[in-house]
Amino acid sequence: MKINSFIQPCLVVLALAAVLSGACSKEHPPVVELPRYDYRNATSLEIEKIEMRDSATVFYFKAFELMSNIRISPDSYLFAGGEKYDLISAKGITLGEWFRGDRKGNASFELFFEPIPSKLKEISFLEGEAPGDFKFYNIDLTGERPAKTKVSGKMPAHIPELSTDSGLTTVEVDLGCSLKGLPPISFRLMNSPLIPPRKKGNFSVDGTIDDSGKAVLRFYQNGVYPSFLMFDNGNSGVMYAIGNDFYTSPGETVRMTVDAGYRYLTEERFGLKNGKKALPFYPKYEGTYSALLDCGDYLSSPGEYNLLTDSRLSSDFPDGASYVKLLSTIYKERSEAISGNPSLPDFVKEYLQAQLKGQAAVAMMFDQIVRGPEPLDFRDEDYAWLGTIGLNDPKIVFNPYLSLILKPALFKAVAPDGEGFVGALSSLGPLTAKAHAGEALTPEELALFDKCEYPMFKKCLERIAVEAAEAKEKEDNLLDPADKAEVKVAVGKVRSVPEAAPEKLLDTILERYKGKAVLVDFWATWCEPCKAAIKQMEPLKENRFKDVSFVYVTSSTSPKEEWVNMIPSIAGDHYYLTEKQLNVIYKQLGTNAFPSYLVVGKDGSRSKTFIGFEEGMLNSLSL
């Protein structure tokens, strides 16, 4: 057949393009071992391998150390390029039924999905789109493994001087991938601020990753302290912590790419953990203290210089003095090993020495951590040893146990005259906590802030005043009509606390709901199980429990500005008590835990106290 001379070159070009296209569209291998992925919301599940057959795509899952029962929905599917590939069958489990594996909580099972195109380079596994459904995003099907690189790319000579100022810090988080077409990812930045000190939990900032895989968080920061990230946990609806602590300087902008797949854990479970192959949790990090994330690369093991792991400390000791004598010997050994190691840069040595001091403080303040259940009695002269190792330094923040060691005994040992950084923490820290709880400071107390050489304390006090005013305005707008003539529309309503003695307060509150069924929910803003249970109850209020009054009680252990921001989306009446008032009620109910619940029938009968969310509690609501 003769071909027209005009179209013949076009056909040649098209044929060449097809050849080139085929060369570029390399098919994925038939089996991918331990595939990489951009995100997963379950530390309990691992993908051991994926097998691409003509008849099905098989996912081989392993479950490790399950802390509770889990189940795999029969509606699970694979997703790529806008297309779904449905689940066909399973082996090793029964779809839709709860299981927990063997006695150690381990299990293996296989999921069979519809076959996928051979040209796909990545695919996502989804149980569904709800927050509690298991999800693995952008699972790599090529079998490629990027080479490890250092986070900072450079090692400074010394740790930069730690800021003791305050400022609005910005953290830009990037998953380094696209989430287009996938359910949004919620996460939380958690930290332990030096001031105002928190009696319970940490300070947190919530965020949601957008379609481009990015999010921006902002928070006011007083001084330098450690932070970490938490992501949704598909097993229990509670978030889980992953990765390393990182540090930010007040007022700076930090940019980080994170490995939310937590691949260190995967490789360790399958016996493949290798420092040269495992990628860091932060493949990229730009910030004042980015180089700190590379310090672990210079160690032969994570606990190489950690004195808390020394087996000698777990011996029996006749008294605290003998324990401190051995502790000081071990501390000296570790310190000299760090300073005398020629392979460690000075920057790394400074960081390890700072952490070593914190470990020494933990070994005394919480000696049970390393010794066992029976604590030792320490005298003032025993604690005095801590004052000799240079803990009165802003670098005390380089310590993952920071919230555990900032105690009166340490303050007295390290800064007996209230001098230096730790001295300021010991004197002004409690005053910022007092102001944060809404108590007025005396003129003499306020004068101490003006005299302090560290600006973060006074700026923290000023910020507390601003937040208190903002919270008061929001609280006024949320007041229930029963307590205020005019009120803006809101789902959750603030109720005034009745004037009654603490031991009569619960009865006085419940008198307002006489003749109604009531669920009293004792919760806290920092309590993850509390918030997970509230989220689970919310959709039931409009139908199953539409005739039930929901009463939410918290105390000043929950920061008021956080409480005010959360309650508009929690339908019911909200009460904010003092810590003393709640403690009296808890003693009456025989509980000391969050969340705790009390069900009151229409006839005024009261249930037992439910500690933790239970299905039986819901049945009691029919009273």
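See the structure above.
To start, this report covers the structure provided alongside it. (Residues numbered from 1 in each chain as written. Predicted model: local features only at pLDDT ≥ 70, side-chain atom pairs only at ≥ 80, totals over all residues. Heavy atoms only, no water.)

## Topic: the state of the cysteines
At step 1: If you walk through the whole model with that rule in mind, you get 1 disulfide.
At step 2: Each sulfur in the disulfide pair Cys 527 and Cys 530 lies 2.4 Å from the other. Its S-S torsion of about 80° marks the bond between Cys 527 and Cys 530 as right-handed, since a negative value means left-handed.
At step 3: Classification of Cys 530 as buried rests on a relative accessible area of 1%. (Disulfide = S-S within 2.5 Å. Buried < 20%, exposed > 50% of the residue type's maximum accessible area, 1.4 Å probe, protein only.)

## As for the packing of helix α9 (residues 420-436) against helix α11 (residues 455-477)
At step 1: Relative to each other, α9 and α11 sit at 5°, their axes nearing to 10 Å. Comparing their axes, α11 and α9 come out roughly parallel. On the side of α9, the interface is formed by Phe 421, Ala 424, Leu 425, Leu 428, Gly 429, Thr 432, Ala 435 and His 436, while α11 contributes Met 456, Phe 457, Cys 460, Leu 461 and Ile 464.
At step 2: Here the residues of the contact of α9 with α11 sort into 10 nonpolar, 3 polar and no charged. (Axes fitted to C-alpha atoms, helices over the stretch in contact; angles between N-to-C directions. Helix = DSSP H or I, 4+ residues; strand = E, 2+ residues; numbered from the N terminus. Parallel < 35°, antiparallel > 145°, perpendicular 65-115°, else oblique. Contact = heavy atoms within 4.5 Å. Nonpolar A, V, L, I, M, F, W, Y, C, P; charged D, E, K, R; others polar.)

## Looking at the packing of aromatic side chains
Two aromatic rings are characterised by how far apart their centres lie and by the angle between their planes.
At step 1: Inspection of the entire model under this criterion finds 30 aromatic pairs.
At step 2: On the basis of an interplanar angle of 90° and a centroid distance of 5.2 Å, the ring pair of Tyr 37 and Phe 136 is categorised as edge-to-face. Pair noted here: Tyr 37 is in the loop between β1 (31-33) and β2 (39-40) and Phe 136 is in strand β9 (residues 135-140), with a separation of 99 residues, a long-range link.
At step 3: Each ring, one from Phe 246 and one from Tyr 282, has its centre 5.8 Å from the other, and the planes form 80°; the classification is edge-to-face. Taken as a pair, Phe 246 in strand β15 (residues 240-247) and Tyr 282 in the loop between α2 (263-269) and β17 (284-286) lie far apart in primary sequence, 36 residues in all. Just as Phe 246 is buried, Tyr 282 falls in that class too. (Phe/Tyr/Trp six-rings, centres within 6.5 Å; stacked < 30°, edge-to-face > 60°.)

## Quick notes on the pattern of salt bridges
At step 1: In the structure shown here, the tally under the stated rule is 24 salt bridges.
At step 2: Through salt bridges with shared partners, a single network forms among Arg 188, Asp 206, Glu 528 and Lys 531. (Salt bridge = Lys/Arg side-chain N within 4 Å of Asp/Glu carboxyl O.)

## With respect to the sheet that holds strand β10 (residues 166-174)
At step 1: The strand order across the open sheet built from 4 strands is β13-β10-β16-β17, with neighbouring strands paired in mixed fashion. Because the sheet does not close on itself, it has two edges, and the strands there are β13 (214-222) and β17. Pairwise comparison of adjacent strand axes, ignoring direction, gives a mean angle of 15° for this sheet.
At step 2: In this sheet, strand β16 (residues 253-257) lies alongside β10 in parallel orientation, the contact comprising 5 bridges. Bridged to Val 173 within β16 is Met 256. (Pairing = 2+ DSSP bridges.)

## Observations concerning the environment of Lys 121
At step 1: Tracing the chain through its elements places Lys 121 in the loop between β7 (107-113) and β8 (122-126).
At step 2: As a C-alpha pair, Lys 121 and Asp 140 span 19 residues in sequence and 6.2 Å in three-dimensional space.
At step 3: If sequence neighbours within four positions are ignored, Lys 121 has contacts with Ile 139, Asp 140, Leu 141 and Thr 142.

## Quick word on unusual backbone geometry
In terms of backbone geometry, most residues other than glycine have negative phi values and most peptide bonds are trans.
At step 1: In this model, Ile 195 is joined to Pro 196 through a cis peptide bond whose omega is -15°.
At step 2: With respect to the helices and strands, the residue Pro 196 is situated in the loop between β11 (185-191) and β12 (203-209).
At step 3: With an omega of -10°, the peptide bond between Phe 594 and Pro 595 qualifies as cis.
At step 4: Residue position: Pro 595 is located in the loop between α15 (579-589) and β22 (596-600).
At step 5: Of note in this structure, Leu 34 is not a glycine but carries a positive phi near 40°.
At step 6: Tracing the backbone through its elements, the reader meets Leu 34 in the loop between β1 and β2.

## Digging into the sheet that holds strand β20 (residues 548-555)
At step 1: Here 6 strands make up an open sheet; going across it, the order is β18-β21-β20-β19-β22-β23 and the pairing mixed. Only two strands of the sheet have a single partner each, and these edge strands are β18 (492-494) and β23 (610-611).
At step 2: When β22 meets β23, the two strands line up antiparallel, connected through 2 bridges. The residue bridging Ser 596 from the neighbouring strand is Ile 611, located in β23.

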